[in-house]
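# Understanding the architecture of this molecule
So you can see what is in the structure, the chains are spelled out below.
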Amino acid sequence: MAVTEPVTGDTFGGAREAQEGILRRQSARESRARTYARALPIVPVRARGLTIEGADGRRYLDCLSGAGTLALGHNHPVVLEAIRKVLDSGAPLSVLDLATPVKDAFITELFRTLPPGLADRARVQFCGPAGTDAVEAAFKLVRAATGRTGILAFTGAYHGMTTGALAASGGAGDVRVARLPYPQDYRCPFGVGGPRGAELAARWTETVLDDPKSGVPLPAGMILEPVQGEGGVIPAPDDWLRRMRRLTSDRSIPLIADEIQTGVGRTGAFWAVEHSGVTPDVMVLSKAIGGSLPLAVVVYRDDLDVWEPGAHAGTFRGNQLAMAAGTATLAHVRENALAERAGRLGARMLSQLRRLQDDFACVGDVRGRGLMIGVELVDPEGEEPTEKTEDRAREARAQEGGDAVAAARSAAATGAAATGAAARGRDGEARPGPSPAAPELASAVQRACLERGLIVELGGRHGGVVRLLPPLTITDEQAAAVLDRLADAVTAVARDPAAHGARPRRPEGRKEPDG
């Protein structure tokens, strides 16, 4: 399989040497906290759409998309034109929270896309340029509005890397947030999955809220992701999400929807909450809303707007280039129905990827919504991963350039996975309990993908889920190429895991025939 397109001859040798020098200097000078650079030892120099070209001339299909930031892919013409227009106009580039025509246009387009019931009475707060600051602002907002302090969050969550956001994430160590079960099929915390598992999760939440001896006082707010991304690409069941909306509404608890990664068409609806028809009280938005540039906002109901002037601020909240790029991105997604196309294309991709689950015992689950897709790698004969197992996976990745599972994502996705219990699949049929996560295999698949010219992410419990976050502009032909390269990588690792830095499994890695 021809998977990359390097330059040739002496030019290639010189380019490769230059790239290796840059990577060596990065390793020597940058913080040990760097993450993606460890698993992806490339030096991007050019990019357009789905494609990245490294300094050595090799080209890759980018299904990381800046962790979901690039809704339109790299350097989309409408984004570049919007940025050039601001630069050429002589407008100021950073204006704190002053009103500008660029900002006014962004807010107008953003409000045009909001879920019904929120747009007509919305307020927006511009935050520091990262999603985690928007989460912090949302917490401050609901605490000020309710006079309460506690926050309800869910297992497997990831809301950012600042203190308050981390406290609400699944890997929190110093717990100051009440943690509730997030429903899922494959690793259902109650061992049943499906609608029954979601009902039990909702009932647990209701009990915690209404039991005076639960130890959880009435909170200031509840935060949830409509699809858990870093937690392993786990879509919230629509009925469960509607139940959370009713529970919070009935108790005057503001519901905060974290749409930082799921928003702007990623899941097949412009905002992922729209699948369930839920209107949250607060939405935290970042990543794609800036059109590839840093931007984060909180959108909320006007009756929650009790802040005093200066209650939340940020020096770079007036980034005019990001607002212009964001306006262009929001409008392009809306006008070209890219969310709807993401839903259709994502469904086809999931259907094709599930063939891997049928063929290979090491593929435990394939799941997702729209163009937010996860393939969970498992060890059908092994024990649940421990810190030592994950350390081995990190060491293997380090030999290839480093640790793919960042401390951030590892912290967000830790927690024991349910094993051994009977469970039910999407069709409600009883099935054996899930196999243990296989972070070494997932890392091996990620490396094999990179060798084949495909950039993918890892996430989930123990870093065992291979994630796809392609831009919404991916063509059908490009989607087929992505699936071919991923399938080839999984096949190669399943057949010879030792050759790819993972422990051996059943010969050929294929499922034994029935009977």
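Just above sits the structure.
Predicted, not measured: the structure shown is a model, and the values here were computed from it. (Residues numbered from 1 in each chain as written. Predicted model: local features only at pLDDT ≥ 70, side-chain atom pairs only at ≥ 80, totals over all residues. Heavy atoms only, no water.)

## Quick notes on helix α11 (residues 338-359)
The cut-off we apply is this: For helices the rule is a DSSP run of H or I covering at least 4 residues; for strands it is a run of E covering at least 2, with both sets numbered from the N terminus onward. By this rule the span expected of a helix is its residue count minus one, scaled by 1.5 Å. Using a 1.4 Å probe on the protein chains alone, a residue whose accessible area is under 20% of its type maximum counts as buried, one over 50% counts as exposed, and one in between counts as partly exposed. Here the arc refers to the directions that run from the helix axis out to each C-beta atom. Contact between two residues is taken to exist if any of their heavy atoms lie within 4.5 Å; hydrogens are not considered.
Look at α11: 32 Å from first C-alpha to last across 22 residues, which is about the 32 Å you get at 1.5 Å a residue. Inspection of α11 places L338, A339, A342, L345, G346, M349, L350, L353, L356 and Q357 among the buried residues, and these make up the whole buried set. Buried residues of α11 fall within an arc of 155° about the axis and therefore sit on the same side. Across α11 from its buried face, at more than 90 degrees, point the exposed residues R344, R355 and D358. On the buried face of α11, the contacting elements are α10 (320-335), β13 (363-369), β14 (372-377), β19 (465-468) and α15 (476-495).

## Some remarks on the side chain of S435
Locating S435 in the fold gives a position in the loop between β16 (430-431) and α14 (439-451). Ignoring anything within four residues of it in the chain, the contact list for S435 reads Y186, R187, V378, D379 and P380.

## Remarks on the state of the cysteines
Test applied: In plain terms, two cysteine sulfur atoms within 2.5 Å form what is called a disulfide here.
For the structure shown, the criterion picks out zero disulfides. Counting only cysteine sulfurs, C63 is the nearest neighbor of C449, a cysteine outside any disulfide, at a range of 9.0 Å.

## Brief notes about the packing of aromatic side chains
Heads up, the rule is: Two rings belonging to Phe, Tyr or Trp (six-membered ring only in the last case) form a pair when the distance between their centres is within 6.5 Å. Interplanar angles under 30 degrees mark stacking, angles over 60 mark edge-to-face geometry, and anything in between is tilted.
Scanning the model with the defined rule gives six aromatic pairs in all. Ring centres of F106 and F126 lie 6.0 Å apart, and the angle between their planes is 55°; on these two criteria the pair is classed as tilted. Taken together, the residues F106 in helix α5 (residues 101-113) and F126 in strand β4 (residues 122-126) connect sequence positions 20 residues apart. Grouping residues by exposure puts F106 and F126 together as buried. Centroid distance F154 to W240: 5.2 Å. Interplanar angle 80°. Geometry classified as edge-to-face.

## Some thoughts on the packing of α14 against α15
Each packed pair of helices is defined by two parameters, the angle between the axes and the distance between the axes. Where we set the bar: To obtain an axis, a line is fitted to C-alpha atoms, over the contacting stretch when the element is a helix, and the angle between two such axes runs from 0 to 180 degrees between their N-to-C directions. For this classification, under 35 degrees means roughly parallel, over 145 means roughly antiparallel, 65 to 115 means roughly perpendicular, and everything else is oblique. By definition, any crossing whose near helix is turned counterclockwise from its far helix by less than a right angle is left-handed, and any crossing with a clockwise turn is right-handed.
Between α14 and α15, the least distance of the axes is 9 Å, while the angle of their chain directions is 130°. Regarding the angle of α14 to α15, the classification is oblique. In the crossing of α14 with α15, the sense of the turn from one axis to the other is right-handed. Contact residues: L441, A444, V445, A448 and C449 in α14; L486, A489, V490 and V493 in α15.

## Considering the packing of helix α4 (residues 77-89) against α10
The line we're drawing: The nonpolar class holds Ala, Val, Leu, Ile, Met, Phe, Trp, Tyr, Cys and Pro. Asp, Glu, Lys and Arg form the charged class, and all remaining residues, Gly among them, are polar.
One can describe the packing of α4 onto α10 by two numbers: an axis separation of 8 Å at closest approach and a directional angle of 145°. Where α4 crosses over α10, the two elements pack in a sense that is right-handed. When α4 is examined against α10, the residues V78, V79, A82, I83, V86 and L87 are found in contact with a partner set consisting of L321, A324, A325, A328, T329 and H332. Its residues placed into classes, the contact of α4 with α10 shows 10 nonpolar, two polar and no charged.

## Re the nonpolar core
For clarity, the cut-off: For the purposes of this section, nonpolar cores are sets of buried Ala, Val, Leu, Ile, Met, Phe, Trp, Tyr and Cys residues that join through side-chain atoms within 4.5 Å.
Grouped together as the largest cluster of nonpolar side chains are 74 residues, with contacts concentrated most on W271 and L486. Beyond its immediate sequence surroundings of up to four residues, L486 is in contact with L353, V375, V445, C449, L454, V466 and L468. By size, the runner-up hydrophobic cluster in this structure holds 22 residues, among which are F139, I151, V177 and I260.

## Concerning the pattern of salt bridges
As a reminder, the rule being used: Basic side-chain nitrogens of Lys or Arg form a salt bridge, by our definition, when they fall within 4 Å of a carboxyl oxygen of Asp or Glu.
For the structure shown, the criterion picks out 27 salt bridges. Two residues, E53 and R59, come together in a salt bridge whose shortest N-O distance is 3.7 Å. Among the residues examined, R59 registers a relative accessible area of 37% and is labelled partly exposed. Salt-bridge contacts for E335 lead to R334; the nearest nitrogen and oxygen are separated by 3.6 Å. The exposure class assigned to R334 is partly exposed, which follows from its relative accessible area of 31%. In the salt-bridge network here, residues are joined through shared partners; they are R121, R245, D281, R301, D302 and D303.

## Topic: the environment of V43
Along the polypeptide, V43 turns up in the loop between α2 (36-39) and β1 (44-48). The spacing of V43 and I22 is 21 residues in sequence and 7.6 Å in space, taken between C-alpha atoms. Apart from the residues lying within four places of it in its own chain, the contact partners of V43 are Q19, I22, L23, E53, G54 and A55.

## Some words on α5
Helix length check: α5 (13 residues) gives 19 Å between terminal C-alpha atoms against 18 Å at 1.5 Å per residue, within 8%. Lining the buried residues of α5 we find α4, β4, β11 (282-285), β12 (297-301) and α10.

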